[in-house]
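Structure assessment
Next come the chains, spelled out residue by residue.
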Amino acid sequence: MRPIQDAFPLLQSPKKIFITTHHKPDGDAIGSMLGLTKYLEKKGHFVTAVSPSEIPEFLEWMPGVSSMINFEEYPDEAHKALFAADLIIGVDFNDFSRTKHLEKQLTNAPQPKIVIDHHLFPSPVWDYGMSIPEKSSTCEMVYDFINLCGDHELIDKDIAACLYTGLMTDTGSFKFPITNAGAHEMAAGLKRIGLDHTSIHEAVYDSWTEGRMRFLGYVLIERMEVFHKYNAALISLSRKDLNLFNVKNGDTEGLVNYPLSIAGIRFATLITERNDEIKMSFRSKGDFDVSSFARQYFDGGGHFNASGGRAKTSFLDTIVNFKKILSDIHPQ
Ligand SMILES: [Mn+2]
């Protein structure tokens, strides 16, 4: 993969650009996609932003959401835009399989492909890009990219709001170890532009429905197991649980982090029985590498302290299997 600077000549004249991100997008995925879209539009490009699946409700306030295409709702429009594009950009993922529905089309697409991402182990499918796992968020990298282009003054309040959202969510509000000096410098830079950070915190974190709050109570009482001798905890949610509380897209977001607030717990797992697969989320504190854990046991990957995976076994078998692995590896 060539450095992103080598792609600058491609962006010298107005281009049709297709931007996408990962399936089940989070704050960093949508923030980086919409922030980059707005910047490239200001530079005179024609940009189509496509989310592979519906975005969670807590991100619906974001500037530019209404012009974004949800692939699951409008697959034909998304395909048309991809076909017509001069250039493809992927943000917050580095392997086409993470887009799920777009994997085949992206693999076969002849256009130059640019990636901006901070996950480990990028697949060799990109022509140009930035792949820096030490970065707090893809939003921080989009901010760096705009500055690299010498366009800091083009960052307006909308772009700032988009980029701050991913910075905030991927750093756990500036708490996780990945929160480097650059992350704080970016926050300072966005504040000088007029960023209203409080309204973004409220829109993302304080916008729960009463039902979601009560569901959290149920989960913590009924569905969380704590294994003190392994410094670990597991939350497992069956399809029945999800139906019982009418759980919507995004309602399980962040659940996996709660056990890490228990003293001594350094490894937390969430197992969710979805319609088509068993989904796993892993979080850790300190030096337990959940990225390689996910890769080794559950067909996944991600970051050192935050990763995901999946299982083809049944919901109950997956829980049994997970506990067996826990007792085998005995995380400290
Ligand atoms: Mn991210």
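Residues numbered from 1 in each chain as written. Predicted model: local features only at pLDDT ≥ 70, side-chain atom pairs only at ≥ 80, totals over all residues. Heavy atoms only, no water.

Let us look at the coordination of the manganese ion. As a benchmark, a tetrahedral metal site with four donors has ideal angles of 109.5 degrees, while an octahedral site with six donors has ideal angles of 90 or 180 degrees. On the protein side, the manganese ion has Asp 28 (OD), Asp 92 (OD), His 118 (NE2) and Asp 170 (OD) as donor atoms, found 2.2 to 2.3 Å from it. The sequence pattern describing where the donors of the manganese ion fall on their chain is D-x63-D-x25-H-x51-D. Of this pair, Asp 92 sits in the loop between strand E5 (87-91) and helix H3 (103-108) while His 118 is found in the loop between strand E6 (113-117) and strand E7 (128-131), placing the two residues 26 residues apart along the sequence. Comparing Asp 92 with His 118, the two get one shared label, buried. (Donors = N, O, S within 2.8 Å, 3.2 Å for Na, K, Ca; no water. Helix = DSSP H or I, 4+ residues; strand = E, 2+ residues; numbered from the N terminus. Buried < 20%, exposed > 50% of the residue type's maximum accessible area, 1.4 Å probe, protein only.)

On to helix H4 (residues 138-148). By the criterion of burial, H4 is predominantly enclosed, with eight of the 11 residues buried. Here H4 has its buried residues at Thr 138, Cys 139, Glu 140, Met 141, Val 142, Tyr 143, Phe 145 and Ile 146. Those residues of H4 that are buried are in contact with helix H1 (27-42), E5, E6, E7, helix H5 (157-170) and helix H6 (181-193). Gly 150 lies just past H4 and shows a positive phi near 75 degrees. (Contact = heavy atoms within 4.5 Å.)

A separate point is the domain arrangement of the protein chain. Domains assigned within the protein chain are domain 1 (2-205) and domain 2 (210-329). Between the C-alpha centres of domain 1 and domain 2 there is a distance of 27 Å. Facing the 13 residues of domain 1 at the interface are 14 residues of domain 2. In total, domain 1 and domain 2 occlude about 1100 Å² of area from one another, counting both sides; carbon and sulfur atoms represent 51% of this. Taken as a group, Lys 24, Phe 58 and Leu 120 account for 34% of the area that domain 1 buries against domain 2, more than any other trio of residues on that side. At the boundary of domain 1 with domain 2, the tally comes to one salt bridge. A salt bridge links Lys 100 to Asp 276, with the nearest nitrogen and oxygen atoms 3.4 Å apart. On inspection of domain 1 and its partner domain 2, the count reaches two residue pairs in polar contact (both at pLDDT 80 or more). Of the residues in the side of domain 1 that touches domain 2, the class split is six nonpolar, two polar and five charged. (Domains from an automatic or database assignment. Buried area = accessible area lost by both parts, 1.4 Å probe. Salt bridge = Lys/Arg side-chain N within 4 Å of Asp/Glu carboxyl O. Polar contact = N/O pair within 3.5 Å; in protein donor to acceptor, adjacent residues only side chain to side chain. Nonpolar A, V, L, I, M, F, W, Y, C, P; charged D, E, K, R; others polar.)

Moving on to the packing of H1 against H4. One way to put it is that H1 packs onto H4 with a least axis distance of 8 Å and a crossing angle of 20 degrees. Relative to H4, the element H1 lies roughly parallel. Along this stretch, H1 crosses H4, giving a crossing that reads as right-handed. Between H1 and H4, the contacting residues are Asp 28, Gly 31, Ser 32, Leu 36 and Tyr 39 on the first element and Thr 138, Cys 139, Val 142, Phe 145 and Ile 146 on the second. When its residues are assigned to classes, the contact of H1 with H4 shows six nonpolar, three polar and one charged. (Axes fitted to C-alpha atoms, helices over the stretch in contact; angles between N-to-C directions. Parallel < 35°, antiparallel > 145°, perpendicular 65-115°, else oblique. Left-handed = near helix turned anticlockwise from the far one by under 90°.)

To continue, consider the state of the cysteines. Two cysteines joined by a covalent bond between their sulfur atoms form a disulfide. Evaluation of the coordinates by the stated rule reveals zero disulfides. Between Cys 149, a cysteine without a disulfide, and Cys 139, which holds the nearest cysteine sulfur, the sulfur-to-sulfur distance is 16 Å. Relative accessible area serves as the criterion here: at 25%, Cys 149 is assigned to the partly exposed category. (Disulfide = S-S within 2.5 Å.)

Generally speaking, a soluble globular protein has its nonpolar side chains buried in company with each other. Ile 19, Leu 36, Ile 116 and Phe 145 are the most contacted members of the largest nonpolar core, which has 49 residues in total. Broken down by element, this core gets its largest block of residues, eight residues, from H5. (Core = buried A, V, L, I, M, F, W, Y, C linked by side-chain atoms within 4.5 Å.)

Moving on: the pairing of strand E8 (residues 224-227). Pairing of E8 with strand E9 (residues 232-237), which is carried by four bridges, proceeds in the antiparallel orientation. Within E9, the position partnered with Phe 227 by the bridge is Ala 232. Linking E8 back to E9 in an antiparallel pair, the connection comprises four residues, with Asn 231 at a positive phi of about 55 degrees. (Pairing = 2+ DSSP bridges.)

Below, the discussion takes up empty space enclosed by the protein. For the coordinates displayed, the defined rule picks out one cavity of 30 Å³ or more. In this structure, the largest cavity encloses a volume near 40 Å³. Along the walls of the largest cavity sit Ile 4, Leu 11, Leu 36, Leu 40, Ile 89, Ile 114, Ile 116 and Phe 145, which together make up its complete lining. For the lining of the largest cavity, the secondary structure elements donating two or more residues are H1 and E6. Across the lining of the largest cavity, the residue classes break down as eight nonpolar, no polar and no charged. (1 Å grid on protein atoms, 1.4 Å probe; cavity = no way out; pocket = protein on both sides within 12 Å on 5 of 7 lines; lining within 4 Å. Points joined across faces, edges and corners; volume = space filled by probe spheres on them.)

It is worth spelling out the environment of Ser 281 at this point. Of note, Ser 281 is situated in strand E11 (residues 278-284). The buried category is assigned to Ser 281, whose relative accessible area is 12%. In contact with Ser 281, other than residues within four places in its own chain, are Val 256, Ala 268, Thr 269, Leu 270, Ser 307 and Gly 308.

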